[in-house]
Amino acid sequence: MSRKTFWKNLRRDRQLVFMLIPVVIFFAVFSYYPLYGILIAFKDYSISKGILGSPWAGLRYFRQFFLSPYFGRLLRNTVLISVYSLLWGFPVPIIFALLLNEFKDGKFKRLIQTVSYLPHFISLVVICGILIDIFSPQGGVVNALLYSLTGKRINFFGEPEWFRTMYVGSGVWQEFGWNSIIYLAAITGINPDLYEAARIDGAGRLRQIWHVTLPGIKPTILTLLILNLGNIMSVGYEKIILLYSPTTYETADVISTYVYRTGLLSQQYSYAGAVGLFNSVINIAILVLCNFAGKKLFGVGIW
């Protein structure tokens, strides 16, 4: 592109450029500039000396993490919680969107949508409080029902074997309605003539879903699947910290909660930075690999 053409296009699209400037500034300030802080993972960081003034440590803190007795547990818990969340949380919004699309009553459909979206907008702290109250061994509705049926109570958030089930199940309940929005939008983009042709050929509801709806939203499903696989190591610490306790560290402690404890509570900033950087690098590698596989196998990728 010549210089003259560049300025001509810039003048023509100046309104779009002005709209883009705040977005560029936002990402530059809050996403790219903080990357400078990655250096603390390779330094013996001291607040008084600053990042540049702190002595170089090389890969010391990475080796410390890999040799830590917690490394295997953290990696296993992070991967298992992510995989379980993906296996249960990814198909449920798709199924919900397909079922919701079959409703012809507009008012009832909107009511169902609204009810399913509500948990997404409730504060995570409130959600965790509700879960703890409902499943509490003393006075919880679920345990009261269990006790009346079996004579036993279960400490759902105090026993390690129950933590992942509670975490994944509550996450699916909270987000499936909100996550279904993008699939409903993709469904509305399917040509209605395809459904008409399928009905003429004698296809019932199930066959229309299988041969028209699912192929129509296949690119959306694959794109979101790649993005979800790219975040397989990104288990947020907020909800886990609100729900776990030392008794459930065996199955609940993940990399992000470990970074929180070592970095903010123990003030081991360089060590926590190294652990967090390791987690991010693994995420990027998985994302690139999944995108490559998606393009090769299905012709769909995010870049």
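Residues numbered from 1 in each chain as written. Predicted model: local features only at pLDDT ≥ 70, side-chain atom pairs only at ≥ 80, totals over all residues. Heavy atoms only, no water.

- An unreviewed UniProt entry annotates the protein as ABC transporter permease subunit of Candidatus Eisenbergiella stercorigallinarum.
- Regarding the protein, the relevant UniProt record gives this comment under Subcellular location (unreviewed entry): "Cell membrane".
- As its UniProt record puts it under Sequence similarities (unreviewed entry), the protein is described as follows: "Belongs to the binding-protein-dependent transport system permease family." (UniProt positions renumbered as here; feature names shortened; annotations may be inferred.)

### As for the UniProt feature "domain: ABC transmembrane type-1" (unreviewed entry) in the protein
Line of reasoning, step 1. Residues annotated in UniProt with the feature "domain: ABC transmembrane type-1" (unreviewed entry) correspond here to residues 75–290.
Line of reasoning, step 2. Secondary structure within residues 75–290 divides into 79% helix and 0% strand; the distance between the first and last C-alpha atoms comes to 19 Å. (Helix = DSSP H or I, 4+ residues; strand = E, 2+ residues; numbered from the N terminus.)

### With respect to the packing of aromatic side chains
Line of reasoning, step 1. For the coordinates displayed, the defined rule picks out 25 aromatic pairs.
Line of reasoning, step 2. When the ring of F163 is compared with that of Y167, the centres are 6.3 Å apart and the planes differ by 25°; the resulting orientation is stacked. Here F163 and its partner Y167 are both found in helix α10 (residues 160–188), four residues apart, which amounts to about one turn of the helix. Accessibility classification places F163 together with Y167 in one group, the buried group.
Line of reasoning, step 3. These aromatic residues form a ring-pair network of at least three members: F65, F66, Y70, F71, Y258, Y271 and F278.
Line of reasoning, step 4. Above the ring of Y147, the side-chain terminus of R153 is found at 4.4 Å from the ring centroid.
Line of reasoning, step 5. Geometry around Y249 places R261 over its ring, the cationic atom sitting 4.7 Å from the centre. (Phe/Tyr/Trp six-rings, centres within 6.5 Å; stacked < 30°, edge-to-face > 60°. Buried < 20%, exposed > 50% of the residue type's maximum accessible area, 1.4 Å probe, protein only. Lys NZ or Arg CZ within 6 Å of the ring centre and 35° of its normal.)

### Thoughts on the UniProt feature "transmembrane region" (unreviewed entry) in the protein
Line of reasoning, step 1. This chain's UniProt record puts "transmembrane region" (unreviewed entry) on residues 16–35, 79–100, 121–147 and 269–293.
Line of reasoning, step 2. For residues 121–147, the end-to-end C-alpha separation is 33 Å, with 70% helix and 0% strand making up the annotated structure.

### As for helix α9 (residues 141–150)
Line of reasoning, step 1. Taken across its 10 residues, α9 has one buried, putting it largely on the surface.
Line of reasoning, step 2. Immediately beyond the C-terminal end of α9, within one or two residues, lies G151, with a positive phi of roughly 80°.

### Quick word on the pattern of salt bridges
Line of reasoning, step 1. Across all of its chains, the model carries five salt bridges by this definition.
Line of reasoning, step 2. Between D253 and R73 there is a salt bridge, with the nearest N and O atoms lying 2.9 Å from each other. Of this pair, D253 sits in the loop between α14 (249–252) and α15 (255–265) while R73 sits in helix α5 (residues 71–89), and the two are 180 residues apart along the sequence.
Line of reasoning, step 3. D253 is the salt-bridge partner of R261, the closest N and O atoms lying 2.8 Å from each other. Across this residue pair, the class does not change: R261 and D253 are buried.
Line of reasoning, step 4. One salt-bridge network, in which partners are shared between bridges, spans R73, D253 and R261. (Salt bridge = Lys/Arg side-chain N within 4 Å of Asp/Glu carboxyl O.)

### Description of the nonpolar core
If you look at soluble globular proteins, the nonpolar side chains tend to sit buried side by side.
Line of reasoning, step 1. One finds F65, F90, I94, Y183 and I217 to be the most contacted residues of the largest nonpolar core, which totals 37 residues.
Line of reasoning, step 2. Elements that contribute at least two residues to this core include exactly α4 (60–66), α5, α6 (91–101), α10, α11 (192–200), α12 (205–230), α15 and α16 (269–297).
Line of reasoning, step 3. C128, F156, V172 and I240 belong to the second largest nonpolar core, which has 18 residues in total. (Core = buried A, V, L, I, M, F, W, Y, C linked by side-chain atoms within 4.5 Å.)

### Quick notes on the side chain of T262
Line of reasoning, step 1. As for its placement among the helices and strands, T262 is situated in helix α15.
Line of reasoning, step 2. A polar contact of 2.8 Å, which involves the side chain of T262, links it to the backbone oxygen of Y258.
Line of reasoning, step 3. Only 3.4 Å separates the side chain of T262 from the backbone oxygen of V259, close enough to count as a polar contact.
Line of reasoning, step 4. Apart from the residues lying within four places of it in its own chain, the contact partners of T262 are Q267, Q268, Y271 and A272. (Polar contact = N/O pair within 3.5 Å; in protein donor to acceptor, adjacent residues only side chain to side chain. Contact = heavy atoms within 4.5 Å.)

### Points about unusual backbone geometry
Line of reasoning, step 1. Of note, the phi angle at Q267 is positive, near 60°, even though the residue is not glycine.
Line of reasoning, step 2. Secondary-structure assignment places Q267 in the loop between α15 and α16.

### Comments concerning the environment of Q174
Line of reasoning, step 1. Within the secondary structure, Q174 sits in helix α10.
Line of reasoning, step 2. Judged by relative accessible area, which is 6%, Q174 ranks as buried.
Line of reasoning, step 3. A distance of 3.5 Å separates the side chain of Q174 from the backbone oxygen of P119, its partner in a polar contact.

### Structural notes on the environment of Y183
Line of reasoning, step 1. Mapped onto the elements, Y183 comes out in helix α10.
Line of reasoning, step 2. Remark: the alpha-carbon pair of Y183 and F96, spanning 87 residues in sequence, is separated by 9.3 Å.
Line of reasoning, step 3. Y183 has contacts with F90, P93, I94, A97, I217, T220, I221 and L224, leaving out every residue within four places of it along the chain.

### Concerning the environment of E159
Line of reasoning, step 1. For E159, the position within the fold is in the loop between α9 and α10.
Line of reasoning, step 2. Overall, E159 belongs to the partly exposed group, its relative accessible area being 26%.
Line of reasoning, step 3. Setting aside residues up to four positions removed in sequence, E159 forms contacts with I154 and T248.

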